[in-house]
Amino acid sequence: MSKAPLDIAVIRNDELWPENAEALTERAIMAALEGSGARLTGAAEISIVLTNDAEQRELNAEWRGKDSSTNVLSFPQIEPFGPVAGLLGDIILARETVVREADEMGIGFDHHFTHLVVHGFLHILGYDHLEEDEALNMEGLETQILAGMGIADPYADEGV
């Protein structure tokens, strides 16, 4: 991996997120960067916003036309699969949705949260899952990155 610095700004808009959210975020972003094969081409910054369902619902309605909360939103600021430098974008996670999904799937919060940060970062890099082949590629990469972190395949039982 390139030695260029990556500044990971974690912004808490909801104070009920677990204390370890920042550490989990940094670990997930660095694993996703390395596991994706992307290379920093210069100094870079990414923002991770830890919010709640109410704020996430507003963002989802404004930017995607969907009047509901969602687990993670990604707003890339770089060209898909282009140089990885400068302001990379924002990843926004909704606490209540992440907690509920982890409970429903019977997995630990830390693992689900880490998966969603990796998922969001891959979107920043240009990966998507709108088409079946894109989804299989992105899910395979997520699974590989998470396995390297000791986290089980989230798609084994149709996770996210």
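Each remark here, short or long, concerns the structure printed above.
Predicted, not measured: the structure shown is a model, and the values here were computed from it.

Glancing now at the overall build of the protein. Counting its regular elements, the protein contains five helices and four strands. Counting from the amino terminus, the protein carries its helices and strands in the arrangement β-α-β-α-β-β-α-α-α. Relative to the globule expectation of 15 Å for 160 residues, the C-alpha radius of gyration of the protein, 15 Å, shows essentially globular dimensions. When the 160 residues of the protein are sorted by exposure, 47% land in the buried category. Roughly 8,100 Å² of accessible area belongs to the protein as shown, and the carbon and sulfur atoms make up 50% of that amount. Here the protein carries 9 positive and 30 negative side-chain charges, and the mean point of each set is 3 Å from the other.

Extensive coverage of strand E2 (residues 40-51) is indicated by the burial of nine of its twelve residues. In the sheet, strand E1 (residues 6-12) pairs with E2 via seven bridges, with the strands oriented parallel. Counterpart to Val10 in the pairing with E2 is Ile48. Where E2 meets strand E4 (residues 84-94), nine bridges bridge the pair, whose relative direction is parallel.

In this section: the packing of aromatic side chains. As enumerated under the stated definition, the model contains five aromatic pairs in all. When the ring of Trp63 is compared with that of Phe75, the centres are 5.8 Å apart and the planes differ by 70 degrees; the resulting orientation is edge-to-face. Here the residue Trp63 occupies a position in helix H2 (residues 53-64), and Phe75 occupies one in strand E3 (residues 72-76), the gap between them amounting to twelve residues. Note on Trp63: relative accessible area 55%, which makes it exposed.

About the cut-offs
Residues numbered from 1 in each chain as written. Predicted model: local features only at pLDDT ≥ 70, side-chain atom pairs only at ≥ 80, totals over all residues. Heavy atoms only, no water. Helix = DSSP H or I, 4+ residues; strand = E, 2+ residues; numbered from the N terminus. Rg over C-alpha atoms; globule rule 2.2 N^0.38 Å. Buried < 20%, exposed > 50% of the residue type's maximum accessible area, 1.4 Å probe, protein only. Areas by Shrake-Rupley, 256 points an atom, 1.4 Å probe, with all protein chains shown as cover. Lys, Arg positive; Asp, Glu negative; His and termini not counted. Charge placed at Lys NZ, Arg CZ, Asp CG, Glu CD. Pairing = 2+ DSSP bridges. Phe/Tyr/Trp six-rings, centres within 6.5 Å; stacked < 30°, edge-to-face > 60°.

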